[in-house]
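Notes for the structure review
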Amino acid sequence: MTGLDWFILIGTLSFIVGYGSWKTRKSKNLESYLLGDRSMKWWTIGLSIMATQASAITFLSTPGQAYDDGMRFVQFYFGLPIAMVIISAVFVPLYHRMKVYTAYEFLESRFDVRLRVLTAFLFLVQRGLAAGFTIFAPSLVLCTILDWESLGIDPGRVNVLYLTNIIIGALVILYTMIGGTKAVNLTQKQQMFVIFLGMIAAGYMVVHMLPEKVSFIDAVS
């Protein structure tokens, strides 16, 4: 990596974490921390949800899966918009009327505390494992890109993969603890803009770099 690469990487991460933490530093109570004082704009929340669904592991795994096994798996994503519409039309208004903080609070009011504890436990285990993979996969790529040896870190003494995992995890924990849901929404909105720019640039490069005798339709086939 060149000096410019390091400047862009560190600058982008610092800006996202710093801006999100600064804008949401006034979160003083539970409603402010979990619900953002109900003041977030709908498009900010929408972009944040999109960024949550499309994590780094999505961009690493799905191209490889498509290359290895074809595009059949794409049909799974066709059902997501339908599910989102149903959730937005049925469940979100219900949560608003009941003024609950989480789906598990609703389950407790509808059934009992045992079901709330069980579903919350299952969710935390599932998301904990998923978050581990979500951080681990891009860390594999970053370990190669960052070239820790050039920074004087000996891979023989320091497990650079663990080091990269810790750094990424610490950054996420930092702005989440400081700002709560507002910080997450703001930072993921910025990340979504970066993702869009990357997708547009990558799509252009893929089509532009096709061999002269291979058209875009040929490549899709």
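Nothing here was measured: the structure is a model prediction, and the numbers come from that model.

What follows concerns the packing of aromatic side chains. Per the counting criterion, the structure on display carries one aromatic pair. Seen in terms of ring centroids, Y104 and F123 are 5.8 Å apart; in terms of plane orientation they differ by 50°. Their pairing is tilted. Note that Y104 is positioned in helix α6 (residues 103-110) and F123 in helix α7 (residues 113-146), a separation of 19 residues in sequence. Judged by relative accessible area, F123 falls into the partly exposed class, the value being 36%. Taking NZ or CZ as reference, R110 lies 4.8 Å from the ring centre of F111, over its face.

Relative to the helices and strands, V17 is located in helix α1 (residues 3-23). The spacing of V17 and L171 is 154 residues in sequence and 7.1 Å in space, taken between C-alpha atoms.

Let's shift gears to the pattern of salt bridges. Scanning all chains against the criterion turns up three salt bridges. Residue D112 pairs with R114 through a salt bridge whose shortest N-O separation is 3.1 Å. Residue D112 is classed as partly exposed on the basis of its relative accessible area of 27%.

The next subject is helix α3 (residues 42-53). Spanning 12 residues, α3 covers 17 Å between terminal C-alpha atoms, matching the ideal 16 Å at 1.5 Å per step. Regarding α3, the residues found buried are T44, L47, S48 and A51. An end-on view of α3 places all buried positions within 105° of arc, on one side of the element. Turning to α3, the residues buried within the fold contact α9 (181-208).

To continue, consider the side chain of N165. Note on placement: N165 falls in helix α8 (residues 160-179). What makes N165 buried here is its relative accessible area of 19%. Beyond its immediate chain neighbours, meaning those up to four positions away, N165 contacts I135, F136 and S139.

Looking now at a nonpolar patch on the surface. A contiguous nonpolar surface patch, about 720 Å² in accessible area, is contributed by I45, I49, I82, M84, I86, I87, V90, F91 and V92. Broken down by element, the nonpolar patch gets its largest block of residues, seven residues, from helix α5 (residues 75-98). Looking at the secondary structure, you find F91 in helix α5. By relative accessible area, which is 36% here, F91 ends up partly exposed.

Conventions we followed
Residues numbered from 1 in each chain as written. Predicted model: local features only at pLDDT ≥ 70, side-chain atom pairs only at ≥ 80, totals over all residues. Heavy atoms only, no water. Phe/Tyr/Trp six-rings, centres within 6.5 Å; stacked < 30°, edge-to-face > 60°. Helix = DSSP H or I, 4+ residues; strand = E, 2+ residues; numbered from the N terminus. Buried < 20%, exposed > 50% of the residue type's maximum accessible area, 1.4 Å probe, protein only. Lys NZ or Arg CZ within 6 Å of the ring centre and 35° of its normal. Salt bridge = Lys/Arg side-chain N within 4 Å of Asp/Glu carboxyl O. Expected span 1.5 Å × (residues − 1). Arc of directions from axis to C-beta. Contact = heavy atoms within 4.5 Å. Patch = residues over 30% accessible without salt bridge, like charges linked within 9 Å, V, L, I, M, F, W, Y side chains within 5 Å. Areas by Shrake-Rupley, 256 points an atom, 1.4 Å probe, with all protein chains shown as cover.

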